[in-house]
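# Structural features, examined
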Amino acid sequence: MLKENYDAVAEKVKNACARAGRSKKEVTIIAVSKTKPLSDVVELQQYGVMDFGENKVQELCSKYEEIEKPVRWHLIGHLQTNKVKYIVDKVELIHSVDSLKLAKQISKEAIKKEVTVPILIQVNVAQEDTKFGLDTDEVMDLVYEISQLPNIAIKGLMTIAPFVDDPEENRDYFRKLKQLFVDIDEKNFDNVDMSILSMGMTNDYEVAIEEGATMIRVGTGIFGARNYNI
């Protein structure tokens, strides 16, 4: 069932790319495995799926240690500074950096582990009180400040759009993030490579792709509904 679900998402990705005149190779599907058993990850891994997203450091570390064959882990949830040391050498990408304080901690721990950590800057485009992330007008300055830090590499931007019944309602937010992405890229900051635009989830990833997403984070669409009571 998981493979069928993943294939259905991949087909929609292909169609959305076609509508936007893009290649499907430009879009990476992050299978959001939070709260799901490691067996689900392993099952998808057997079909060649390699990118998995986790919200919590503890769950990511647990799966990282238990899985036999490595996959690419993405931390997509809010990251506390005191948890940074556990994941800097385990993640493919941190999607959720939203402060200089957090970036400094990532840099500090990355130096200790002798790694360079790829990150995305989280932007709260819709300015929702319930979500983390920067206002759009704060992003440029923070990108420049973080770009000065060692052992950390800015690869792009991420947003979590509002949960809406009609995905078209989020198109403008995705469009705004894409424009910010382009504006930052044109600054040619050292140590900044605007190559990843992480936006779009199960309910709106097709619109996100049409507006330029290079990574989409799909959980329910692949793994089914989550049980948060476990």
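Description of the structure in this document. (Residues numbered from 1 in each chain as written. Predicted model: local features only at pLDDT ≥ 70, side-chain atom pairs only at ≥ 80, totals over all residues. Heavy atoms only, no water.)

### Re the pairing of strand E7 (residues 192-198)
The element E7 is extensively covered by neighbouring structure, given that five of its seven residues are classed as buried. Each parallel crossover has a hand, and the one from strand E6 (residues 152-158) via helix H7 (residues 171-187) to E7 is right-handed. (Buried < 20%, exposed > 50% of the residue type's maximum accessible area, 1.4 Å probe, protein only. Helix = DSSP H or I, 4+ residues; strand = E, 2+ residues; numbered from the N terminus. Right-handed = clockwise from strand over helix to strand, strands pointing away.)

### Here's the deal with the packing of helix H6 (residues 136-147) against H7
One can describe the packing of H6 onto H7 by two numbers: an axis separation of 11 Å at closest approach and a directional angle of 25°. Here H6 lies roughly parallel to H7, going by the angle between them. The chirality of how H6 crosses H7 is right-handed. Touching Thr136, Val139, Met140 and Val143 of H6 are Leu180, Asp183, Ile184 and Lys187, all from H7. (Axes fitted to C-alpha atoms, helices over the stretch in contact; angles between N-to-C directions. Parallel < 35°, antiparallel > 145°, perpendicular 65-115°, else oblique. Left-handed = near helix turned anticlockwise from the far one by under 90°. Contact = heavy atoms within 4.5 Å.)

### Things to note about the packing of aromatic side chains
Considering all chains together, one arrives at two aromatic pairs under this definition. Considering the side-chain rings of Phe52 and Trp73, the 6.0 Å spacing of their centres and the 50° angle between planes classify their relative orientation as tilted. Placement of the pair is Phe52 in strand E2 (residues 51-54) and Trp73 in strand E3 (residues 72-75), with a sequence separation of 21 residues. Both residues of the pair, Phe52 and Trp73, belong to the buried class. For the pair Tyr144 and Phe189, a centre-to-centre distance of 5.5 Å together with 55° between the ring planes defines the contact as tilted. With Tyr144 in helix H6 and Phe189 in the loop between H7 and E7, this residue pair connects regions lying 45 residues apart in the sequence. Judged by relative accessible area, Tyr144 falls into the partly exposed class, the value being 44%. On the accessibility criterion, Phe189 (18% relative accessible area) is buried. Over the ring of Tyr47 we find Lys3; its NZ or CZ atom is 5.6 Å from the centre of that ring. (Phe/Tyr/Trp six-rings, centres within 6.5 Å; stacked < 30°, edge-to-face > 60°. Lys NZ or Arg CZ within 6 Å of the ring centre and 35° of its normal.)

### Things to note about the environment of Asn124
Looking at where Asn124 falls in the secondary structure, it is placed in the loop between strand E5 (117-122) and H6. Overall, Asn124 belongs to the buried group, its relative accessible area being 5%. Counting along the chain gives 94 residues from Asn124 to Val218, while the straight-line C-alpha distance between them is 19 Å. Ignoring any residue separated from it by four or fewer positions in sequence, one finds Asn124 in contact with Lys131, Phe132, Gly133, Leu134, Asp135 and Thr159. Within the structure, the side chain of Asn124 is placed 3.3 Å from the backbone oxygen of Lys131, a separation counted as a polar contact. (Polar contact = N/O pair within 3.5 Å; in protein donor to acceptor, adjacent residues only side chain to side chain.)

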